[in-house]
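# Structure at a glance
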Amino acid sequence: MLAEEIKPQLGRRSFLRKSGLAAGGAASLAALAPFSSLAQDGQGTPRGIPQDNRQAATATPSLSRRFARWVFGLRYEDLPPAVVDRAKGVTLQAVTSALLGSQLPAGQEAVRLMLEEETGVRGGATVMVNGAKVTKGGAAFANSEMMLAGGKYDTFRMLTHPGTSIVPSALVAAEVQGASGREFMTGLAAGYEVMERMAADFIPTVMARGFHAGPVFGIFGAAVAASKIMRFTESQITDTIGLCVNLAGGNLESAALREGAAARNAMLAVLLAKQGHPGGETALEGKAGFYHAYAGNNRGQLTYSFVGDTQTSVPKITANLGKEWIFLETLYRIYSISGYNIAHIDVTAKLCEEHNIRYEEVDRVEAVVNWLETQYPSPAFPTRREDIGEAKPGSTRYYSAYGAVKRGFPLLPTGADPPEVLDLMKRVTIIPSHDMPLFAPRITIFTKDGKSYTKQATGREFIWDFSEEARRIREVIPGLPISGKRFEEIIATCLGLGQQERADRLTQLTLKENASAALADLAGA
């Protein structure tokens with residue numbers, strides 16, 4: 001905690017007067033949507049805004065300051081090879097999901113909205129696949145919504161999907177800044193690390209208070225990634241984080257606006273911080289700050305947890321920052337299903353392969369799982385119980401049966417459910433346990449001859465390197481709006497991001513190869 005309250009450098013009135021918002025109302029808000037083109041001095045501080053001297057050296061820097069100091073000093077050369085590899089992989093996953101989502105109603109709705117409201121802006125950013133220029137926040141929103149609609153995104157400890165907010169914001173920032181692939185990956189890694197550290201122990205508790213942890217935490221990762229790529233100072237990054245506290249949101253009862261809003265609001269936070277707007281030094285851990293509001297207290301007391309421990313701490317959030325990378329826990333939700341179900345498919349399939357178990361030989365299946373995986377999205381507000389009631393398509397029991405019957409699961413829709421799966425899912429039992437790690441079911445198959453076979457998942461079945469990610473994601477090529485050759489270019493560009501002069505080449509590669517078709521889509525939107 002800081003010893004005394006830090007006064008903002010700019011009051012609300014002076015900020016409005018300096019930014020021009022006071023006179024222009026809604027029109028000025030729209031004009032502010034593109035990032036300011038204020039010239040920067042050597043330290044990245046806009047001319048006309050006094051040098052930020054709000055943070056004096058203190059014995060205990062705020063949580064935002066500790067994050068910002070690390071992010072500001074982070075260099076591409078500091079990234080371990082595994083982190084660089086994961087940054088490439090999550091980028092490929094997110095871009096692929098946007099390509100798929102661009103053809104689905106939710107993704108198309110988001111693009112139409114932005115085209116109706118924002119087409120023709122100057123200094124904006126590009127909507128992926130479509131190619132239209134809208135505001136930077138609008139592009140981040142549309143691209144995020146397409147990624148979410150596509151269903152091929154990443155997952156961190158249940159109910160958060162970092163890439164759907166971080167990657168679109170990072171790509172927008174890279175386009176605005178003309179950033180290199182190395183700058184892009186450095187910002188991306190910083191955004192993931194900050195978001196996931198903030199969220200790690202608090203996801204179940206935040207969900208139990210009625211918030212959706214994905215967008216609530218996603219805004220921070222998105223804003224940190226963008227501010228790093230746009231070469232913000234330490235104090236600008238601190239302010240960006242503080243401003244995100246005012247803009248974070250996501251509700252379970254509504255559940256209708258998620259990471260797209262987080263990405264859009266992240267860009268607003270970045271814009272405001274660049275203009276010089278203060279964010280509040282202790283906005284995260286202060287008495288009335290983020291953790292008090294979203295977790296119920298700022299002392300690390302938890303309502304629920306994944307492992308049963310209901311106490312954590314604020315210092316733990318930044319412990320060994322840059323030495324231990326929680327980003328590497330991010331896994332690929334390769335199937336378009338709830339993240340906690342993906343391991344049931346591959347582990348059950350592998351068990352059948354190893355022992356040559358055929359569907360006709362299976363009597364029943366048991367799966368022991370982490371207890372939180374049986375009460376979605378939260379034990380406080382369960383809308384889906386996986387361990388009781390009738391087995392239905394889309395349930396955990398359905399996916400366990402699918403793995404046993406088909407020894408895999410399609411990455412693209414295939415039509416009717418196999419009757420064998422619908423039969424076997426009725427004989428699958430889900431057993432909740434407080435001792436099981438996340439995404440690590442223990443599968444036991446009992447055969448009709450009285451034998452049983454067990455396989456314990458590790459929880460890391462869907463954490464792999466770029467090579468494996470590229471191999472597996474290629475299965476979606478028949479469903480993409482671009483050619484297989486163009487998609488191979490995207491894979492190659494992700495793999496070679498470290499040598500790319502401009503990271504926004506990825507955005508350009510998503511655009512439809514037939515220019516007349518793209519224009520027709522624009523006209524009809």
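Because the structure is a prediction, the values reported are computed rather than measured.

Most of strand β9 (residues 442-447) sits out of view: five of its six residues are buried. Pairing geometry for strand β5 (residues 362-370) and β9, over six bridges, is antiparallel. Bridge assignment links Arg364 to a residue of β9, and that residue is Phe446. Pairing geometry for β9 and strand β10 (residues 452-456), over five bridges, is antiparallel. Each bridged residue has a counterpart across the sheet, and for Ile443 the counterpart in β10 is Lys455. Hairpin geometry of β9 and β10 is characterised by an intervening segment of four residues between the two adjacent antiparallel strands and by a positive phi of about 95° at Gly450.

Time to look at helix α10 (residues 213-229). Taking 1.5 Å per residue, 17 residues should reach 24 Å; α10 reaches 25 Å between its end C-alpha atoms and fits that length. Maximal helix bending in α10 amounts to about 25°, located at Ile219. Burial analysis of α10 places 17 of its 17 residues in the buried class, the great majority of the element. The positive-phi residue at the C-terminal boundary of α10 is Arg231, with phi of around 65°.

Quick look at the pattern of salt bridges now. Between side chains of opposite charge, a pair can form when the charged atoms approach closely. Following the criterion strictly, the structure yields 27 salt bridges and no others. Among the ionic pairs, Glu234 bridges to Arg65, the shortest N-O distance being 3.1 Å. In this pair, Glu234 is assigned in helix α11 (residues 234-247) and Arg65 in helix α3 (residues 63-73), connecting sequence segments 169 residues apart. The pair Glu234 / Arg65 is uniform in exposure class, with both members buried. With a closest N to O distance of 2.9 Å, Arg65 and Glu281 form a salt bridge. Linking Arg65 in helix α3 with Glu281 in the loop between α12 (259-275) and α13 (290-295), this pair joins segments that are 216 residues apart in sequence. There is no split in this pair, since Arg65 and Glu281 are both buried. Through salt bridges with shared partners, one network takes in Arg65, Arg69, Glu234 and Glu281.

What follows concerns unusual backbone geometry. Geometrically, the link from Tyr376 to Pro377 is a cis peptide bond, its omega value of -5° lying close to zero. In the Ramachandran plot, Leu159 falls in the positive-phi region, its phi being about 70° despite a non-glycine side chain. Although it is not a glycine, Arg407 adopts a positive phi angle of roughly 55°. Locating Arg407 in the fold gives a position in the loop between α16 (396-406) and α17 (419-424).

A word on the sheet that holds β5. Across the sheet, four strands lie side by side as β8-β5-β9-β10; this open sheet has mixed pairing. Strands at the two margins of the open sheet, each flanked by one partner only, are β8 (428-433) and β10. In this sheet, neighbouring strand axes are inclined to one another by 15° on average, regardless of whether the strands run parallel or antiparallel. Sheet topology note: the β5/β8 ladder contains six bridges and is parallel. If you follow Asn370 over to β8, its bridge partner there is Ser433.

The rules behind the values
- Residues numbered from 1 in each chain as written.
- Predicted model: local features only at pLDDT ≥ 70, side-chain atom pairs only at ≥ 80, totals over all residues.
- Heavy atoms only, no water.
- Buried < 20%, exposed > 50% of the residue type's maximum accessible area, 1.4 Å probe, protein only.
- Helix = DSSP H or I, 4+ residues; strand = E, 2+ residues; numbered from the N terminus.
- Pairing = 2+ DSSP bridges.
- Expected span 1.5 Å × (residues − 1).
- Bend = angle between axes of the 7 residues up to and from the residue.
- Salt bridge = Lys/Arg side-chain N within 4 Å of Asp/Glu carboxyl O.
- Axes fitted to C-alpha atoms, helices over the stretch in contact; angles between N-to-C directions.

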